Every structure is written in C-alpha cells, then in structure tokens.
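One letter stands for each residue in the lines below.
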Amino acid sequence: MAKHMRIGILIGRVYKEINREVIRGILNQAYSLGYSASVFTMIEENYDEKMLKGEMNILNLINFSLLDGLIFVPDSFSTDSYRFSINEFLQKNCTVPIVCIGSDFPCYPSVALNETNEIASIVRHLIIAHNCRKIYCLTGYKELKTAQARLDGYKQAMTEAGISYSDDDIFYGDFWHTSAEELGDKIVVGQIPVPDAIVCTNDIMAISLCDTLIAGGISVPGKVLVTGYDGTWETGSHTPPVTTYQTSWKMLGQRTMCRLFEIMTGSACEMCPCEEGTLITRESCGCHSDENDHSAPDIAYQIMEDNYLDSNLSIMLFSTTNLNEFAHALCALTYVFMDHVYYEKESYCLCLCEDWDSFDSDKFRSEGYSENMIFANALEEKPLFPVKDMFPPGTVPEGPSVSFFTPVHFQDQCFGYAIHTIDGVADGFNLHYLRFCREINNGLSFLYVQNKLKSLAYRKYLSETRDDLTGFYNFSYFDKVWAETAEKARIYGESTFLVSVVINGLRQISETYGTEESDMLVSGFSSMLMSCCPDREICLRENEDSFVVIGIKKEESDKHERFIVMLNEKIEQFNQSSAKPYKLRIQTALKVFSNVIIPDTQQALQEAKKLVEEARNAPVSYSEQLYYSRLVALRQDIYQYPEKTWSLDICCRSLGVSLSHFQRLYRATFGASCMHDVQKSKLTHAKKLLVKTDMTLQAIAECCGYDYSHFMRIFKKEFGMTPTKYRSGFAENLS
C-alpha cells in the first residue's frame, strides 16, 4: 500500500468526551493540512495481566513506515502500566517524529494546557466573588508535572490576593475517586477543619468530594464550596451542579497538530479558529446559573441506544456457527454504533489472523499478528492481505479520514484487530462502539471454543466416512445417517426432509478448464453448502456433481425452502466476487416427510436417488428470479407510501436476505439503488404537496419522513433550488 500523508495517534479511553475533543482538534487541524489519521487505542483498560497483554498487542500492528508523525496522549490512559509500556515501545520502535500532549515524558517535544492560569482563575473567583479565605487544594500525584502545574495556579492566585496558605492546605491525590473520598471523610469526622472552599484540580475528584461531604452531613455549598477542573459533562448533571473550568481540549489538539506539522516539515502552519476555555460557575461554589447542562437527552445518542438495545446483538453473534455466518451478522449489525448524522461516512473492518481459530496446538497466538490477515467481510470469499498494510485493500478513503484501530482478543488470546473509519468527519468513536467491540471479542471467543469442541469430538469419527475432496459423508453411508436422523425426528416429533443439489455443467467445466479447476469448484461449493446447514442437517456426496442433504424441521417450518434460497444467495455472491470465466449454477429438488410417516432406510434411499434425477431435470436456479415478485412489491410500496421510514435494514429484512445481497439484487433488478428510489419517492411526493397544497414546508417535510433542515438541504441538492423557490416558480408559470 502506497504511503500517503497520515499521522498516528496513541490515545486511551477515546469514548470520553475530553479525549474526543482532543481528537476533534487534532483532526480539524490535520484535515486542513491534508493529513489523515490512524488512531491506535484500547477498548478496555484494567489491571488484569492477561487483559493488559491482549490490549497492548495493538502496538505490534503499527507500521511506522506508513506514518509521517505520531501524537502520544499519555494522560488519556488509566494506569501507569499503559503509559510507561507505550513509552518503552515507542522508544524502541518509533522511527517518525513524536509530539506528546502533557509534559511528563521529557524525551518528546510536548504541548500542554495553560493549567496554571486556568486553576488560578478558579481560585480568584472564590476569593473575589465569594470572599473565601481558607481554601484547600486537592491535586494529583506529587510526582506528576500536571499535578504540580495545577497546584501552581492555586498558589499563584492565593499569593496575588495576599492570602497565606501552608502545606496543611495542600493535598496530593490520584486524580481519581479514592483520594477525594479520603479527604472528605477526614473533614466529616473533624480530623481536618472545614475550610471555606476546596479547589479540586479535576472534575472526578470534585464530584466525589461533593458526594462524600454531603453524605457526611456537610452541605455543599452551604458549609463549604467545591470546584473542579476539566469541564466534563458530568459536572452539569450532578447535584449540585459543579463549578468547573471548561478547558478547550479541542484547541489543545489543534496546537499539538501544528507542533507536529512544524517538526515534520520544518514549516509553521496557521491554526484553525477555535474557542478558548472558560470558567463555568454553578451551585457548588454558591453561584446560580440559568444553564441547563445536559438536562435534555441527546437525541442522536438515544437513537443509537435504542438501536443497540433492539438489535439482540449478543444473541445474533452467539447464534452463528462459522466465520461466514459471523461476518454476515457482524456486517448487518454495524448500524448499532454508527451515528445517523453521518452514517454513510462510517465503515467497519474486522481483520483476523490466519491462525485465529487454529486447533492444531493448545498454544494460541498471544503476541503480534500473522504475516497475512483475513479480511472478514460479508462475502463468501475472505481475501488475505499483508498485515504490514494495516488496511484491507480498497478500504482506505481517498480524502482525509480517521481510522480507529482496536485489538480483537479474549484476554491474552489474539484474534486480530478492528478498524472503524470515519471519512472526512473530525470525531471519535462513541461508547456504543466500545460495547460493540466487546461483543465481537466475546462472540469470536465463543465461536472458537464451539468449533474446537466440535473438531475434537467428531474428527476421528468423521474421517472414516468422509469424501476426501468435500469432507461430506459418502453416499454409501446414507443408510446409517438416515437411521440416526429418523430416530431423532421421532424423538422430537419433527419432520424430515431431503434436498438434492446438482452442480450444473460440472463435466463441461472439467473438460474445458481441467480437473484441478473442477475440484476447486466442488470444494468451494461444498463450503457454501455446509454454511447453509447450521442445525442438524447432514450433507452427502452422491456423485461427482450431485449432493444430498438430510435435515429435520418442525412441521410448520419452511426451513427446507429457506435452505435453497440461502444456497442460491451464497452462489450469487460467489459469482459476483469471483473472477472465474464461468458462473456456478445449480439445480435442486426437495422432498418433505411428515412426522407421522417417516420412511424406513430403503424407502428413503430410493427417494434420495429419485430426487437426484429430479434435480438433474429441474431448471437452473437464478437468485433474481427467486426474489423478483417480492422486489417489485417492495418498490411499489416505496413509491406508494413515501412517508414511511424506508431504511436498508427494514427493506432487506422484508426479503430475509443480507444487506449486501439485498443491495445487489435490487440494483440488478431495477438498475438503481434502493435508497435512490426511496429519496426519489419522497421528493416526488414533496413536489406534489408543494404545488397542490398550501401546507407549510415543515409539514411537508414531516409528511415525507424528513426533518425540516435535512429536507431543505436534500431538496436543493436534488433540484438546484429551495422548496420555496420551486413553489413560487410553479405558481408564476401558471399565471
């Protein structure tokens, strides 16, 4: 993969709003300079040794030759283990310029906030506005330069005001809940006198201190004032709301990118416009504010939350029995974390090590990645690509973009990594993506264990009865397989069915392209056939080009019919992605036996042989033919009911096919995408309402299923004029 202008970012807890703001700032500046970004981050930070190893393995993916520079944000990681391990890794391996946010690693050029002045402004507010004189300061670890810089702000403001302070007024904590709770408890029991105010140098400690004091009977702000620092959203939703300094993390990110650009190129750049930080006064310091921070639910977040909860994500992933099914389920579920505002700009890739599910050894991969990675997409064929490229082929956007690389593992067992790319939007991933990643990790671990157990239990038994090329049972074993299947059907009171499948024209393919090619086709087809058999179905190879599937189903189930539909779908996907000079086509026939009358072995054998001959005389199956009438009905509904919500997910579910296959079928049938027809239907309806009614634009937008602003934008983009101009122009033509 050719190198282009790209920086790397090493940052932790990207779902935190502060860290997302830093990323937004970096990306805003990077995009303006023509750079894309690769963010390497973790999805779970804790002290467990195995989890630490599994998360930190993502560092081994970084190919510094694809990067022009790197930004390291050490304070974003939750523990010293992460910070110092990453620093050690960079010292050994990084070959590009590095800029560090914060000043605790003097080996790198750094950019930091003006924390001293910002903390000083909080202290000045307490002194001037609230006449505080006895003020404590709770800061971080004494060894941290960040903690000292913030403490200096406290000292500076106290000195300016001529107010004395001593070491007893200064408390070193951990920037976490623990130290704040300890200080609060000491004040509650009288071990430390109650001051006029306490300045906490981050919001986490301020919130915990408030809760501890109030729980101990010391009211805030009645008896003591408390302030924080960082400007996190939790301070606005807390009771009481906490006074804090809204740091411009975005500006910090922009300044850092400018510094990195200067080091990389030797030239300075102009920083993009950005708001500076500000002091936000609230009830915890005795001020009263009319602002209503975070009181109304975030609509975009609520949409994603509903999508996530309604998706049955765990059930769908845990129900898969092979990688193909897992990848299909995965691709169908990515909507649960994507922001609906820029949904079409987001993409997701799952990249697995070639040996992610290897059962040949009890020792699994725990460090590094395989030389070639599997791109686990929704297609039948899973292409390989060199891990040094980091990206699968064809997945890197042409313009500025950000790609988040996260580890895929279970404890210290490495499966691979995931890439979440946002094209042209300066933002970070959200909490739902974090939850999505954890589900993927657990789902792959479950699939790994499930497959290993199956392999161990059946390996010896099946090897004695299998066809060498396909791994299916030999047809000579039909009587034993049928006897076992019939017995299960009787026990469960279910029906049995037979499906015969013939590969059309296999002999001609062998004669034209050779036996090796035909063997490869049969082997690939057998994988497709097996992937359609998730529940007690058994495949047998009847002849060179023919197969028989034995299955059990509930009496009222149409599983036998869905089996054929699914198989045709997989074959069409293969034909679309394959570069073969021929198309794979099949002929099928099926027979169902009720749970009342289950034939004996000899009767079933004769039925199976007759069914194979019936399949040979059957017409060749084409996927578009199977779905044509339902596609036509769907399109008619789209144009007849434009006010409905027509999402791709709803449409593909109506046909019972995967998202990618639905899109291909729709375009192959009508020559246009489904979403193109949805938009055309809605806008055509809007034009009618504009010229035939006096409805307001707001009402028309709602009738067409749009919000007002989106309706105005999309109408103008499609017709080159606003809805108002279109309506007035039509009226002028009539007059």
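As shown above, the structure is provided for reference.
Heads up: these notes are all about the structure in this document. (Residues numbered from 1 in each chain as written. Predicted model: local features only at pLDDT ≥ 70, side-chain atom pairs only at ≥ 80, totals over all residues. Heavy atoms only, no water.)

### Side note on the sheet that holds strand 6 (residues 135-139)
Which entries qualify depends on this criterion: Here, any two strands with at least 2 DSSP bridges between them count as paired. The secondary structure listing takes helices from DSSP runs of H or I that are at least 4 residues long and strands from runs of E that are at least 2 residues long, numbered from the N terminus. All axes are obtained by fitting lines to C-alpha atoms, using only the stretch in contact for helices, and the reported angles, taken between N-to-C directions, cover 0 to 180 degrees.
Read from one edge of the open sheet, four strands run 7-6-8-9, paired in parallel fashion. Lying at the two open borders of the sheet, with one neighbouring strand each, are strand 7 (170-172) and strand 9 (225-227). Taking the axes of each pair of neighbouring strands and ignoring which way they run, one obtains an average angle of 15 degrees across the sheet. For strand 6 and strand 8 (residues 197-200), the ladder comprises four bridges, and the chain directions are parallel. Considered in strand 8, the bridge of Ile 135 is made with Ala 197.

### What about helix 3 (residues 80-93)?
Note the threshold: Given the number of residues in a helix, its expected span is that number minus one, multiplied by 1.5 Å. Think of it in three bands: with a 1.4 Å probe and only protein chains considered, a residue is buried below 20% of the maximum accessible area for its type, exposed above 50%, and partly exposed in between. In this description, one arc is meant: the one made by directions from the helix axis to the C-beta atoms. Contacts were defined at the residue level, with two residues in contact if any of their heavy atoms lie within 4.5 Å.
With 14 residues, helix 3 should reach 20 Å at 1.5 Å per residue; the first-to-last C-alpha distance of 20 Å fits that figure. Those residues of helix 3 that sit buried are Tyr 82, Arg 83, Ile 86, Asn 87, Phe 89 and Leu 90. Mapping the buried residues of helix 3 onto a view down its axis gives an arc of 160 degrees, with all of them on the same face. Check the buried side of helix 3 and you find it contacts strand 1 (6-11), helix 2 (49-56), strand 3 (69-73) and strand 4 (98-101).

### Quick look at the nonpolar core
How we decide: Only buried Ala, Val, Leu, Ile, Met, Phe, Trp, Tyr and Cys residues count toward a nonpolar core, and they belong to the same one when joined by side-chain atoms within 4.5 Å.
Membership of the largest hydrophobic core comes to 122 residues, with the highest contact counts inside it found for Leu 90 and Tyr 417. Among the elements that take part in this core, helix 13 (residues 431-463) stands out by supplying eight residues, more than any other. Setting aside its immediate chain neighbours within four residues, Leu 90 contacts Leu 10, Phe 64, Leu 70, Phe 72, Ile 98 and Tyr 108. Formed by 25 residues, the second largest nonpolar core is a distinct cluster that contains Val 501, Leu 529, Leu 567 and Ile 571.

### With respect to the pairing of strand 18 (residues 495-503)
Within strand 18, nine of the nine residues are buried, leaving the element largely enclosed by the surrounding structure. Residues Ser 495, Phe 497, Val 499, Val 501 and Ile 503 of strand 18 are buried on one face, and the alternating residues Thr 496, Leu 498, Ser 500 and Val 502, pointing to the opposite face, are buried as well. Sheet analysis places strand 18 next to strand 20 (residues 546-553), joined by eight bridges and oriented antiparallel. Looking at strand 20, one finds that Ser 500 is bridged to Val 548. Here eight bridges tie strand 18 to strand 21 (residues 586-593), and the two strands are oriented antiparallel to one another.

### Some remarks on the environment of Ser 401
Residue placement: Ser 401 occurs in strand 15 (residues 401-410). Considering only alpha carbons, one finds Ser 401 and Ser 36, 365 residues apart in sequence, at a separation of 4.9 Å.

### Brief notes about the sheet that holds strand 12 (residues 346-353)
Taken in spatial order, the 10 strands make up an open sheet running 5-4-3-1-2-15-16-12-13-14, and their pairing is mixed. Edge positions in the sheet fall to strand 5 (110-111) and strand 14 (384-386), since each has one partner strand and no second. As paired strands, strand 12 and strand 13 (residues 372-375) are joined by three bridges and run antiparallel to one another. When the bridges of strand 13 are listed, Leu 352 appears paired with Ile 374. Contacting strand 1, strand 3 and strand 4, helix 3 crosses the sheet at an angle of about 160 degrees to strand 3.

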